[in-house]
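Structural overview
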Amino acid sequence: MSNVIVIAEVRGGKLKRPSLEAVTAALQLATASGGKVHAIACGSGLDAACADLASSGVHKVVAIDGPAFANYSSDGYAKAIAEQAKAAGAAAVLMAHTAMGKDLLPRVSALLDGAIVTDAIAVSCEGGVFGAQRPVFAGKATMTARAAKAPFCASLRPNNFAAASGGGSAEISKVAAPAGDLLAVVKEIVASGSDRTPLQEAKVVVSGGRGLKEPQHFKLIEDLAAAFGPGVAAVGASRAVVDAGWRPHREQVGQTGKVVSPPLYIAIGISGAIQHIAGMRTARTIVAINKDADAPIFKIADFGIVGDAFEVVPALTKAVAEIVQHK
Amino acid sequence: MDIVVCIKRVPATDAAIKIAADGKSIDPAGVQFELNAYDEFALEQALRIKDQLGAGSVTVVTIGPKEAQKELRDALARGADKAVLLTTDQWVYDGASTAAALAAWIKTTPCQLVLCGRQAVDSDNNQLPANLAGRLGFACVTEAGKLTLDNGTFTAERDIEGAREVVSARTPAVISCQKGLNEPRYANLKGIMAAKKKPFEESPAQLGAPAVEIVSLALPPARAAGRIVGEGAAAVPALIAALREAKLL
Ligand SMILES: Cc1cc2nc3c(=O)[nH]c(=O)nc-3n(C[C@H](O)[C@H](O)[C@H](O)COP(=O)(O)OP(=O)(O)OC[C@H]3O[C@@H](n4cnc5c(N)ncnc54)[C@H](O)[C@@H]3O)c2cc1C
Ligand SMILES: Nc1ncnc2c1ncn2[C@@H]1O[C@H](COP(=O)(O)O)[C@@H](O)[C@H]1O
């Protein structure tokens, strides 16, 4: 069979947006492979998330639902998903390359003894052979690869596919979450700070670097991010300021931080070291504000302003806020 | 506790990458290689656990080229007890076949804990540890930024989107290590001398056919040339206009 499975990510009862991006990729593959798309979700209390999945354009939704799966367990979820994927005749299994996707999909692929590519930016199926494109060497090269083993598992970089909104009302079948011995299980989720927009899901990332001179000047960065409106922009940082202890590591963008590809990335007081660029070069539009006209960041920026951040950023924040408020 | 640390020799993060004539690999000429940065956290954590328990062993293993002797020797000099080099002359990029070969080797050796880096910075896979754990039937936590062991169980913390997950698990386990877990030590002269007498095994890796084949490796398309819209705060209106035109505002 040539069905394509999407492993959906549900947190706090809500379907995560990158899962809908995976649905888009799955529908594309299923069209080429002649199969159907089945979405599988794990958790406890999945009705709302499954309703969203059922109207996304998939052909079938499988909810592995029950108290035993109230908390994420990589081994528990992987085993249940692998069984369902086998039963569904999976030729391909897709999931978003999120914290959960990185933790879960490789284990599912091991249980299915399949092929796996991670952090894919494009997927394909030609003549029944699945393939993918993915950045390697921190984005300094792009690999085009094809599966030599089935099933083909792929995790997809967030913000690379449009979120599916296919409509329809797929059948939802419920499976009881198996009570069993779990090897690793989440016992607590601690929110980091406020209900901030996750860096990798943000539509706009505003990052600051050593050019801001002092940690408290990150207020400029936070204000600009806030000007885009609630839930739109996230704050990022260069490693220089993370190492200096100005910002937490979770905000670091780059080779040894997070890889982001938002529609808009704004680098402020960041020189553009190769390791930083590795984390943001796939952003659709890059804006750089730097007082040094020769800073390497300008080589990859679509739009640059040469100038003092302390002068330019407040003016930009004001202009953005005015536009956003009048929308 | 017997700990296995999986390490990889990779190009330095600031290396310029050129594609080889076959169009499927990189041209190694002029490229500096080093121990994968995240694997340093894995090694350091293993050494700390052994110190803390005052017992057990730390074995470093890699599937890689003969040249990886250098990184393994460095690990021995930092304090690992034993090194194992499973040789291959191919670039190791395929997570599934690599995990299968490592799992087969780990089954032959006493091991209650496998520590890995979160990601090898050449293939950028971020998949081997969880894949390996699946094959071994071990518990797994990836991208751990904090780890506390307690007699057969452990607690690990990992960053997720907008929050931190606290995971409770038990050994045997595979844990992949994120930056922030510890500050790696470097080898000192005494360590380097001691390393010379430590066991070092070398044999060909039993790698099956890759589950994923490389069709091509290419430099990414260069970003279209950008432009400086102006200088200082006076340039803000021009930037806003450009962003509106690009439908970003
Ligand atoms: C193994 C390894 C991994 C690494 N991983 C990462 C990573 O993941 N992410 C990362 O970011 N880095 C990483 N680095 C570090 C990287 O090499 C750089 O050192 C770092 O990115 C520099 O940060 P920066 O741009 O903030 O600082 P700098 O390079 O010091 O740049 C500061 C910039 O601010 C500008 N500036 C100064 N004053 C002003 C002002 N008033 N207004 C406007 N502009 C101003 C300057 O012109 C300069 O361009 C890594 C390095 C190594 C070796
Ligand atoms: N060839 C290899 N030999 C030994 N360990 C490896 C190898 N490749 C990857 N690893 C380990 O798995 C981690 C994650 O690698 P990857 O999944 O390839 O990004 C690395 O940081 C290493 O700890």
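Before any of the text, the structure's been laid out above.
Bear in mind that the values here come from a model prediction, so they are computed numbers and not experimental data.

Some remarks on the state of the cysteines
Residue and element names in this part refer to chain A. Per the counting criterion, the structure on display carries zero disulfides over all chains. With no disulfide partner, Cys 125 has as its closest neighbouring cysteine sulfur the one in Cys 153, 14 Å distant. What makes Cys 125 buried here is its relative accessible area of 10%.

Some remarks on unusual backbone geometry
Here Ala 150 of chain A and Pro 151 of chain A are connected by a cis peptide whose omega angle stands at -10°. One can find Pro 151 of chain A in the loop between β10 (141-147) and β11 (152-156). A cis amide bond, omega 5°, links Thr 171 of chain B with the succeeding residue Pro 172 of chain B. Looking at where Pro 172 of chain B falls in the secondary structure, it is placed in the loop between β9 (163-170) and β10 (173-177). Its identity as a non-glycine residue notwithstanding, Lys 213 of chain A has a phi of 75°, on the positive side. With respect to the element layout, Lys 213 of chain A can be found in the loop between β14 (204-208) and α5 (218-227). Unlike most non-glycine residues, Asp 124 of chain B shows phi in positive territory, near 50°. Here Asp 124 of chain B lies in the loop between β6 (113-117) and α4 (128-136).

Overview of the pattern of salt bridges
Within the structure shown, the criterion is met by 34 salt bridges over all chains. In this structure, Lys 174 of chain A engages Asp 47 of chain A in a salt bridge whose closest nitrogen and oxygen atoms are separated by 2.6 Å. Of this pair, Lys 174 of chain A sits in strand β12 (residues 171-176) while Asp 47 of chain A sits in helix α2 (residues 47-54), placing them 127 residues apart in sequence. Glu 213 of chain B is paired through a salt bridge with Arg 146 of chain A; the nearest N and O atoms lie 3.0 Å apart. One end of the pair, Glu 213 of chain B, is in strand β12 (residues 212-218); the other, Arg 146 of chain A, is in strand β10, on a second chain. Of the residues examined, Glu 213 of chain B reaches a relative accessible area of 30% and is grouped as partly exposed.

About the criteria used
Residues numbered from 1 in each chain as written. Chains lettered and ligands numbered in written order. Predicted model: local features only at pLDDT ≥ 70, side-chain atom pairs only at ≥ 80, totals over all residues. Heavy atoms only, no water. Disulfide = S-S within 2.5 Å. Buried < 20%, exposed > 50% of the residue type's maximum accessible area, 1.4 Å probe, protein only. Helix = DSSP H or I, 4+ residues; strand = E, 2+ residues; numbered from the N terminus. Salt bridge = Lys/Arg side-chain N within 4 Å of Asp/Glu carboxyl O.

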